[in-house]
Each structure stands twice: as C-alpha cells, then as structure tokens.
Amino acid sequence: MKIFAYGIRDDEKPSLEDWKSAHPDVEVDYTQELLTPETAALAEGADSAVVYQQLDYTRETLTALAKVGVTNLSLRNVGTDNIDFEAAKEFNFNISNVPVYSPNAIAEHSMIQLSRLLRRTKALDAKIAKHDLRWAPTIGREMRMQTVGVIGTGHIGRVAINILKGFGAKVVAYDKFPNAELQAEGLYVDSLDDLYAQADAVSLYVPGVPENHHMIDADAIAKMKDGVVIMNASRGNLVDIDAVIAGLDSGKISDFGMDVYEEEVGLFNEDWSGKAFPDAKIADLISRENVLVTPHTAFYTTKAVLEMVHQSMDAAVAFANGETPAIAVKY
Ligand code: COI
C-alpha cells in the first residue's frame, strides 16, 4: 500500500516519521508542494493522498487527482469548506478530515487573545518597547467582570467555556444543537439576539458553512452591547470585515481579535517582511492598537500537528483497505 502526502512542512516531518516507523508495511512518499492540478500527478500509483487546507480543492484539482487513479483523500485539518463536493461526488471520492485534533489549541489561543484584548497588551507592549513604563492610560478589564457569549458549543467551544469558568467569567452560550451537559448548567440563551444583548465579549466557534456566512454583520453588531469585544478564531467568512471595521471606527466594537480572515488564502502563512501587504484591510487592522491579528495559528501546536498527521494517515490507510474510517466525511 502507498500513501502520498502533500504540503508536508518541516514541523510535520517528525510526526510523519513517527507514524512511518509504526507502519513499516506502508510505503509513504511526500512533497512540500500543495495539491494543485499541476502537482496531482505526483500521487500517481498511490492508494490515498493526504493533504491539508491551504488551497481550494477545485473541480480541476480533483479531476487531475482522479485522472491518476487517486480518489481517497484524507485532510489533515478539520475544515472541508475548500472542497468542491459536487466534483468529489462525481468522481466518488472518499474524503476524511480530522474533526478533533486538539480543541485546546484553538480554544486556548482564542481565550489568550481575548485576555490580551481585555488587558490591552498590544498598547502596553508598544509603550514598553518605546521605554515608556507608565501605567496610565492603559488600564485593563478583568475577565471575571465580563459576560462572554460563546457561539458554538462543539469540542472547541466547550474547552473555551471551561477556560472562561476558570477565569470566573459569566458565560452565555448559543448553539443550534445544544449540548446536554451545558443545557443542564443553564448556560444557553434562546437566540443569538439574546446572546448579543447580554455579552460584553463574543467569541465564535462555529463552522464556516454557507448558513453562517457573515453571521457577524452590521445587523448583528448593532444588536451587541456598546463597546463589545469580538474574537474570531473559527472561520474568516463568519465575519463581514467591513462591518467590523465600521464598528471599530464608531467605537461600537472596542476590541477585535482575528485568527482567520475571509481573504486569507495567499496572504496568511506567507512572509511579507519588507513588503507592503497586498490587502489594505489587513494592513489597516494590523495597525490598530485594539485589534489583534494572528495568521491562522490558533491550531498550530505540537500536539495538534501530531494528531493531524497521525489521524489523517490512519484514515488514508483505512480508505486504501476499503474501510470507512470513523472520521470519513459524510457528504
Ligand atoms: C483546520 O483544521 O481546518 C484549520 O483551520 C487549520 C488549518 C489551517 C490547517
């Protein structure tokens, strides 16, 4: 059996080597290149391909992969919003993702960023770098004084709630599919409008499916408290960035944290040092003292990377053996 992995980064190699030692019977070949119509032929002869989300897996890409006989595709990440499922169906692709690699990685990052926003660390760090060690006016807010609205209570949202509880914050949660335990604790509000009305800070943990597109738009922001803090480490398309910029300009939004951006492909995980950003909005957001931008790094921990590699490789083997792994995507 042969598995071909695309886009293998240096930080993934130890986990891949680990996996290979535990599976001497499986031939594994890999490249740093991402899966594109041009690189699809590299997988020729493999039983499964393993990839991670950075580019769209378009009809063209899937056609090229199917053409070399590879229709088992295992993603090393959770998001599947970049797959052309219609084309995948046509070619009978078996697809898996890694829905739970380390919820803590993303939950922790989002809560660290929320804490940093509340304690105004960006402004403080800038002052300190200029040798200004005065306290005022960089006064912070305490987490335990905040009501935090958690939208989405899947694996990641639930870890975020536990972290918030540790801080002593009041949590109000919303999910279309409530979790029984959280329901018993009485954490849920009935609607997003209720959550917006109560929350001092809103943090997002829902997928970027079409029905959630721009859920944080001008209307939603208008329903939030004045001076609300918004944190998004889920998917860029959840947020209408123009509405957020308008909210920051008017002061309706006091602080904003983003690890994801609707236009991040080709922008994040690239080196722009010494060059102008090709995107005026990201340049504007990064320049603001009350905005924290991270380039989709919430997931990026040693534990998460290991799980992403190992679970996707296991799924690729299962597909190659004609089995359906538990993490197969139903579409
Ligand atoms: C995902 O797992 O879907 C992520 O968002 C991380 C990805 C950029 C590797």
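For the structure itself, look to the data block above.
Think of each chain on its own: its residues are numbered from 1, step by step along the sequence as written. Where local features are concerned, this predicted model is filtered to residues with pLDDT of at least 70; where side-chain atom pairs are given and counted, the filter is 80 or more; whole-chain, interface and lining totals use all residues. Just so you know, side-chain values use all the structure's heavy atoms and leave hydrogens and water out.

**A few points about the pairing of strand β8 (residues 201-204)**
Partly exposed residues are those whose accessible area sits between 20% and 50% of the maximum for their type, while under 20% is buried and over 50% is exposed, using a 1.4 Å probe and protein chains only. Numbered from the N terminus, helices here are DSSP runs of H or I no shorter than four residues, and strands are runs of E no shorter than two. Alternating positions in β8 separate into two faces, Ala201 and Ser203 on one and Val202 and Leu204 on the other, with burial throughout. At least two bridges found by DSSP between two strands is the condition for calling them paired. Sheet analysis places strand β6 (residues 147-151) next to β8, joined by 4 bridges and oriented parallel. When the bridges of β8 are listed, Val148 appears paired with Ala201. Sheet analysis places β8 next to strand β9 (residues 228-232), joined by 4 bridges and oriented parallel. Its bridge partner being in β9, Ser203 is matched across the sheet by Met231. When the strands point away from the viewer and the path from the first strand over the helix to the second turns clockwise, the crossover is right-handed. Traced from β8 through helix α9 (residues 218-223) to β9, the parallel crossover comes out right-handed.

**Looking at the sheet that holds β8**
Within the open sheet, the 6 strands sit side by side as β7-β6-β8-β9-β10-β11. Their pairing is parallel. Each end of this open sheet is capped by a strand with a single partner; those strands are β7 (170-174) and β11 (291-293). Direction aside, neighbouring strands of the sheet carry axes that sit 15° apart on average. Contacting β6 and β7, helix α6 (residues 155-167) crosses the sheet at an angle of about 170° to β6. Any two residues having at least one pair of non-hydrogen atoms within 4.5 Å are treated as being in contact. Every angle, taken between N-to-C directions, lies between 0 and 180 degrees, and every axis is a line fitted to C-alpha atoms, over only the stretch in contact when it is a helix. Packing against the sheet, helix α10 (residues 241-250) makes contact with β10 (253-258) and β11, and its axis sits at approximately 140° to β10.

**Quick notes on the sheet that holds strand β4 (residues 72-75)**
If you walk across this open sheet you meet the 5 strands as β2-β1-β3-β4-β5, and the pairing is parallel. Strands at the two margins of the open sheet, each flanked by one partner only, are β2 (27-30) and β5 (94-96). Each strand axis lies, on average, 20° off the axis of its neighbour in the sheet, ignoring direction. The sheet contact formed by strand β1 (residues 2-5) and strand β3 (residues 48-51) spans 3 bridges and is parallel. Following the sheet pairing, Ala5 is matched in β3 by Val50.

**What about the environment of Ile253?**
Examined against the element boundaries, Ile253 turns out to sit in strand β10. Of the residues examined, Ile253 reaches a relative accessible area of 1% and is grouped as buried. The spatial distance from the C-alpha of Ile253 to the C-alpha of Met224 is 8.7 Å, given a sequence separation of 29 residues. What Ile253 contacts, discounting residues up to four positions off in sequence, is Ile221, Val228, Ile230, Val244, Gly247 and Leu248.

**Points about the packing of helix α4 (residues 103-118) against α6**
Running from N to C, α4 and α6 point in directions that differ by 45°, and their axes come no closer than 8 Å. Taken together, the axes of α4 and α6 lie oblique to each other. At the point where α4 passes α6, the crossing takes the right-handed sense. Contacts between α4 and α6 involve Pro103, Asn104, Ile106, Ala107, Glu108, Met111, Leu114 and Ser115 from the first element and His155, Ile156, Val159, Ala160, Ile163, Leu164 and Phe167 from the second. For classification purposes, angles smaller than 35 degrees are called roughly parallel, those larger than 145 roughly antiparallel, those between 65 and 115 roughly perpendicular, and all remaining angles oblique. It is the rotation of the near helix from the far one that decides the hand of a crossing: anticlockwise by less than a right angle makes it left-handed, clockwise makes it right-handed.

**Observations concerning the site of the ligand**
For this description, a residue counts as near a given molecule or strand if any of its non-hydrogen atoms is within 4 Å of it. All residues adjacent to the ligand are Tyr52, Gln53, Asn77, Val78, Gly79, Tyr101, Arg235, His296, Phe299 and Met308. For the purposes of these results, a polar contact is taken to be a pair of N or O atoms within 3.5 Å, where, inside protein, one atom must be able to donate a hydrogen and its partner to accept one; residues adjacent in sequence count only when each atom of the pair is a side-chain atom. Residue Val78 places a main-chain N or O atom 2.8 Å away from an oxygen atom belonging to the ligand. Between Arg235 and the ligand, the recorded distance is 2.6 Å, taken from a side-chain N or O atom to an oxygen atom. Class assignment for the residues of the shell around the ligand results in 5 nonpolar, 4 polar and 1 charged. Amino acids are sorted into nonpolar (Ala, Val, Leu, Ile, Met, Phe, Trp, Tyr, Cys and Pro), charged (Asp, Glu, Lys and Arg) and polar (every other residue, Gly among them).

**Focus: the environment of Ala88**
Position of Ala88 relative to the elements: it lies in helix α3 (residues 85-90). Along the sequence, Ala88 and Tyr57 sit 31 residues apart, while their C-alpha atoms lie 9.3 Å from each other.

**So, the nonpolar core**
Ranked by size, the top nonpolar core spans 33 residues in total, and within it Leu195, Ile216 and Phe256 carry the most contacts. Among the elements of the structure, β7, α8 (192-198), β8, α9, β9, α10, β10 and α11 (280-287) are those that each provide at least two residues to this core. Here Ile216 is in contact with Tyr196, Leu204, Ile221, Met224, Ile230, Leu238, Val239 and Asp240, once residues within four sequence places are set aside. Take the buried Ala, Val, Leu, Ile, Met, Phe, Trp, Tyr and Cys residues and link them wherever side-chain atoms come within 4.5 Å; each set so joined is a nonpolar core. Grouped together as the second largest cluster of nonpolar side chains are 23 residues, Ala40, Ala87, Ala88 and Val329 included.

**Thoughts on the side chain of Thr138**
Within the secondary structure layout, Thr138 lies in the loop between α5 (121-129) and β6. Of note is the side chain of Thr138, whose polar atom sits 2.7 Å from the side chain of Lys127. Those residues in contact with Thr138 that lie beyond four places of it in its chain are Arg120, Ala123, Leu124 and Lys127.

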